[in-house]
Amino acid sequence: MQTKMKESEPILEVNNLFASTDDLPILKGVSINVYPGEIHAIMGRNGCGKSTLSKIIAGHPSYNITKGEINFLGKNVNSLEPEERAQSGIFLGFQYPIEIPGVSNLEFLRVSTNARRKFLKQEELDTFDFEDLVKEKLELVKMDSAFLSRSVNQGFSGGEKKRNEILQMALLDPAIAILDETDSGLDIDALRIVASGIKKISNNKMGIILITHYQRLLNEIKPDYVHVMSDGQIIKTGGSDLALELEKNGYEWTDNFVKEN
Amino acid sequence: MVNENLVKDVVKEPYKYGFVTDIETEKISKGLNEDIIRLISSKKEEPEYLLNFRLNAFKKWQQMKEPNWAELGYDEINYQDIIYYSAPKQKEKISSLDEVDPKLLETFDKLGIPLTEQKKLTNVAVDAVFDSVSIATTFREELAEHGVIFCSISEAVKNHSDLIEKYLGSVVPATDNYFAALNSAVFSDGSFVYIPKGVTCPMDLSSYFRINSGDSGQFERTLIIAEESSSVSYLEGCTAPMFDTNTLHAAVVELIALDDASIKYSTVQNWYAGNEEGIGGIFNFVTKRGKCLGNRSKISWSQVETGSAITWKYPSCLLLGEESIGEFYSVALTNNLQQADTGTKMIHIGPKTKSTIVSKGISAGKSKNSYRGLVKMGTKAIGAKNYSQCDSMLIGDQASANTFPYITSQQQNSEIEHEASTCRISEDQLFYLQSRGIEFEEAVSMMVSGFCRDVFNQLPMEFAAEADKLLALKLEGSVG
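Parameters at a glance
Residues numbered from 1 in each chain as written. Chains lettered and ligands numbered in written order. Predicted model: local features only at pLDDT ≥ 70, side-chain atom pairs only at ≥ 80, totals over all residues. Helix = DSSP H or I, 4+ residues; strand = E, 2+ residues; numbered from the N terminus. Buried ≥ 20, exposed ≤ 12 C-beta atoms within 10 Å, placed from the backbone. Contact = placed C-beta atoms within 7 Å. Rg over C-alpha atoms; globule rule 2.2 N^0.38 Å. Nonpolar A, V, L, I, M, F, W, Y, C, P; charged D, E, K, R; others polar. Pairing = 2+ DSSP bridges. Expected span 1.5 Å × (residues − 1). Bend = angle between axes of the 7 residues up to and from the residue. Core = buried A, V, L, I, M, F, W, Y, C linked by C-beta atoms within 7 Å. Axes fitted to C-alpha atoms, helices over the stretch in contact; angles between N-to-C directions. Parallel < 35°, antiparallel > 145°, perpendicular 65-115°, else oblique. Left-handed = near helix turned anticlockwise from the far one by under 90°. pLDDT = per-residue confidence, 0-100.

Caption draft 1: Layout of the overall build of chain B. Across its full length, chain B holds 11 helices and 23 strands. Taken over 480 residues, chain B has a buried fraction of 57%. The contacts of chain B with a sequence gap of at least 6 include a subset with a gap of at least 24, amounting to 83%.

Right, dumping it as structure tokens:
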């Protein structure tokens with residue numbers, strides 16, 4: 001648990017969150033607070049509930065919150081639609097970005113960006129202005145503009161899909177970005193490109209949650225906090241050293257962990 | 001699933017063309033027999049050969065059986081319970097649009113097809129058909145200057161009898177099939193187009209079919225002839241009021257393209273589809289066929305089928321001329337309890353003939369959507385080629401989609417390629433788009449539009465926008 005006093009208000013407050021899908025409990029009391037400029041890492045074995053936590057924060061309809069609350073920028077978002085959360089600045093980078101045949105990536109990015117801009121009371125961009133903006137952002141993830149004319153994620157390699165996610169993060173300029181295993185399936189070069197993109201996009205007003213199994217992403221982006229999840233709970237929170245410890249000792253100890261307090 | 005229910009909500013769409021025009025009509029009595037056919041023919045003051053054409057078709061029809069091979073289920077049609085001629089009462093001879101009953105003009109206004117001189121569409125000539133008769137055709141003089149004939153088929157029978165006698169029934173013979181035979185016996189009105197040699201029709205031509213009466217069928221007949229080196233783009237739209245009974249629509253369309261001529265025929269079909277429980281709606285049994293008679297001639301069908309309780313329709317091409325081209329681009333959307341069995345036939349007879357089929361079927365609700373297509377390479381179709389692509393999209397978990405391709409080849413030196421796919425709008429896809437700030441309804445509509453893109457690209461500009469809007473309406477409810 002974070003105890004030190006913060007000067008600003010948290011961007012995201014998850015308070016004692018319980019959630020289930022098809023009556024199967026997945027989250028069993030998760031709490032996490034993210035303040036502006038902070039980078040949090042959530043680590044844990046497959047099935048510990050870390051991806052579910054990210055989906056629930058983004059509003060995935062398959063999960064029911066049974067107890068607890070998610071506050072975003074001081075407002076309870078438990079019952080908001082996924083699109084309302086996204087417009088107001090919650091971004092989820094998908095572990096497996098979804099393919100949408102026939103829908104051009106450029107058009108998708110434009111509609112999406114404009115939905116966010118509309119919420120921020122910024123002018124919506126026409127095709128020409130948007131192309132200028134997107135070309136500038138493409139640089140951040142070293143993507144070729146040929147990606148724009150293809151269907152959303154269709155036929156993209158694993159690395160291209162992940163870069164496309166980070167491109168979306170750049171365009172949407174979220175208040176909080178939850179990146180679900182953005183490092184999985186990337187070779188070392190692609191990992192560096194993605195990590196450097198994330199670093200360039202992040203700023204002292206943005207909160208970031210990195211969900212990962214491995215230390216290697218955290219070598220590129222140093223987290224302020226590392227949380228370890230097991231069986232739907234955060235069982236340990238520490239600094240970036242905790243990730244190194246996990247790398248060394250593995251996750252086995254988390255399996256039968258009795259929560260410290 | 002939460003989203004499943006939402007999908008169900010958004011595919012419920014109000015039908016905005018469901019109004020009835022209150023107008024005095026002249027109807028003949030119900031039922032079908034030789035006397036009724038003679039009556040229709042005499043009302044239209046038809047020449048002997050046409051009456052014989054009708055009577056011959058009727059005789060054959062009586063010996064034919066209603067086809068049952070399509071993936072369609074419906075209650076038996078009682079052909080004696082239908083009125084075969086219904087026309088709004090008007091003055092005997094109308095010399096200008098000013099004499100058309102204002103109620104009729106108002107009706108077409110409401111449908112977005114203004115006909116009067118002041119308001120008419122500037123780039124499209126329109127033939128407006130109301131129940132059994134054509135009530136007005138715009139831009140006739142302008143078209144006549146180019147030698148283009150665009151009028152109702154009844155008028156063509158009177159003024160261009162030689163062309164009618166030569167071509168009527170030459171593509172779809174009176175006895176071709178059950179519904180074509182019925183149409184040949186009782187057809188009332190429809191459009192006639194003649195494009196003379198070397199002429200590119202200066203504007204798009206369009207027919208708008210409106211069924212107003214609940215107990216009469218609509219049996220229109222359209223004939224388009226494109227002489228050597230001419231070209232025309234023709235659009236067809238249709239709507240009907242909401243009745244809780246089923247109305248029969250059995251049309252025949254014949255296209256003829258001579259050497260180097262091209263005909264593009266586009267349809268946006270939005271007949272009343274019945275309500276959510278499948279009560280009411282149009283039974284749409286249509287025979288559409290084009291004959292590429294000339295060398296290097298081209299016939300292209302594009303259709304957006306969104307309406308009707310039942311659709312039975314296979315716009316086809318007979319590719320006779322050397323190097324002639326046939327195309328079929330189709331989007332068929334069914335919802336609730338709608339059923340569609342639609343596709344095409346590409347009959348390759350001449351050498352080096354080419355055909356392309358792109359079919360996109362979208363089924364939502366508890367609807368049933370089938371593609372049925374025949375590609376045939378005849379013995380002389382040396383070097384002929386066909387490419388077919390049939391994709392189905394399912395929305396929700398209660399809709400069904402089928403693909404029935406029939407392929408026969410009697411010519412070794414020809415190519416046939418067939419691709420088919422089925423997909424479903426998944427909760428994950430919707431969530432992905434929503435998690436990028438895109439509203440649920442827009443997300444569904446984006447995916448459907450993306451799915452149909454290849455076909456929409458083939459539609460004339462005015463139509464493409466309309467089709468996109470129509471699908472959006474069908475699927476989005478309030479948005480748009």
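Still more to cover.
Caption draft 2: Here's a closer look at the overall build of chain A. Helix and strand counts for chain A stand at 9 helices and 12 strands. Taking 2.2 N^0.38 as the reference for a compact globule, 261 residues should give roughly 18 Å; the C-alpha atoms of chain A span a radius of gyration of 18 Å, in line with that estimate. On the principal axes, the C-alpha backbone points of chain A span a range of 55 × 40 × 40 Å. Out of the 261 residues belonging to chain A, those deemed buried represent 44%. Considering only contacts in chain A between residues 6 or more positions apart, those separated by 24 or more positions represent 71%.

Caption draft 3: Main features of the interface of chain B and chain A. On the chain A side, the residues contacting the 20 residues of chain B number 21 residues. Of all the secondary structure elements, the ones that give two or more residues to the side of chain B that touches chain A are α1 (2–10), α9 (427–434) and α10 (440–456) of chain B. Looking at the side of chain B that touches chain A residue by residue, the class counts come to 9 nonpolar, 6 polar and 5 charged.

Caption draft 4: Local environment of the environment of B:N270. Topologically, B:N270 is positioned in the loop between β12 (262–269) and β13 (281–292). When the C-alpha positions of B:N270 and B:G237 are compared, they lie 7.3 Å apart, and in sequence the two are 33 residues distant.

Caption draft 5: Main features of the pairing of strand β1 (residues 12–21) of chain A. Residues and elements named next belong to chain A. Two strands pair when backbone bridges link them, and β1 and strand β4 (residues 64–72) are joined in this way by 7 bridges, in the antiparallel orientation. The residue of β4 that forms the bridge with F18 is K67. Here β1 runs beside strand β2 (residues 24–34); their pairing, made up of 8 bridges, is antiparallel. Of the residues in β2, the one forming a bridge with E13 is N33.

Caption draft 6: Geometry of the pairing of strand β7 (residues 204–210) of chain B. All names here are of chain B. Within β7, 7 of the 7 residues are buried, which leaves it mostly tucked inside the rest of the structure. The alternating pattern of β7 places D204, S206, Y208 and R210 and L205, S207 and F209 on opposite faces, both of which are buried. Pairing analysis gives 7 bridges linking strand β3 (residues 124–130) to β7, with the strands arranged parallel. For V124, the partnering residue across the bridge sits in β7 and is D204. Relative to strand β9 (residues 231–239), β7 is paired through 6 bridges, and the arrangement is parallel. Within the sheet, the bridge partner assigned to R210 lies in β9 and is T239.

Caption draft 7: Molecular detail of α10(B). Residue and element names in this part refer to chain B. Taking 1.5 Å of rise per residue, 17 residues should cover 24 Å, and α10 covers 22 Å from first to last C-alpha, within 8% of that figure. When the local axis directions of α10 are compared, the greatest deviation, roughly 40°, occurs at G450. Taking burial as the measure, the 17 residues of α10 include 12 buried ones, the bulk of the element. Three or more residues of α10 are buried, namely F440, A443, V444, S445, M446, M447, V448, G450, F451, C452, V455 and F456.

Caption draft 8: Spotlight on helix α6 (residues 188–201) of chain A. The end-to-end C-alpha distance of α6(A), which contains 14 residues, comes to 20 Å, matching closely the 20 Å that a straight helix rising 1.5 Å per residue would cover. Tucked into the core, α6(A) has its buried residues touching α5 (158–172) and α7 (215–220) of chain A.

Caption draft 9: Spotlight on the sheet that holds β2(A). Residue and element names in this part refer to chain A. Within the open sheet, the 4 strands sit side by side as β2-β1-β4-β5. Their pairing is antiparallel. Every interior strand has two partners, whereas the edge strands, β2 and β5 (75–76), have only one. Pairing of β4 with β5 involves 2 bridges; the strand directions are antiparallel. Residue pairing across strands places F72 opposite K75, the latter belonging to β5.

Caption draft 10: Molecular detail of the nonpolar core. All names here are of chain B. One finds A128, V193, A226, A257 and I263 to be the most contacted residues of the largest nonpolar core, which totals 204 residues. Looking at this core element by element, the count peaks at 10 residues for α10. When neighbours within four sequence positions are excluded, I263 is seen to be in contact with I224, A226, V232, Y234, L255, A257, G290 and I299.

Caption draft 11: The arrangement of the packing of α9(B) against α10(B) in detail. All names here are of chain B. It is the contact of α9 with α10, at a shortest axis distance of 9 Å, that shows an interaxial angle of 120°. As summarised for this structure, α9 and α10 are arranged oblique, according to the angle between their axes. Classified by chirality, the crossing of α10 by α9 is right-handed. Residue-level inspection shows Q429, L430, L433 and Q434 of α9 in contact with α10, the latter providing F440, A443, M446 and M447. Considered class by class, the residues forming the contact of α9 with α10 number 6 nonpolar, 2 polar and no charged.

Caption draft 12: Geometry of the sheet that holds strand β12 (residues 233–238) of chain A. All names here are of chain A. Pairing in this open sheet of 6 strands is mixed, and the strands run β6-β9-β10-β3-β11-β12 from one edge to the other. Strands with a single pairing partner mark the edges of an open sheet, and in this sheet they are β6 (90–93) and β12. Ignoring strand direction, the axes of neighbouring strands in this sheet form an average angle of 20°. Inspection of the sheet shows strand β3 (residues 39–44) paired to strand β11 (residues 225–230) by 5 bridges, in the parallel sense. Its bridge partner lying in β11, I42 is registered against H227. The strands that helix α8 (residues 240–249) touches are β3, β11 and β12; relative to β11, the one it contacts most, it runs at about 45°.

Caption draft 13: Main features of the confidence of the model for chain A. In the predicted model, chain A carries a mean pLDDT of 91, and 95% of its residues have values of at least 70. When mean pLDDT is taken per element in chain A, β6(A) scores highest with 98 and helix α9 (residues 252–255) of chain A scores lowest with 78.

Caption draft 14: Quick look at the environment of A:G238. Topologically, A:G238 is positioned in strand β12. A sequence separation of 57 residues divides A:G238 from A:E181, and the C-alpha atoms of the two residues are 20 Å apart.

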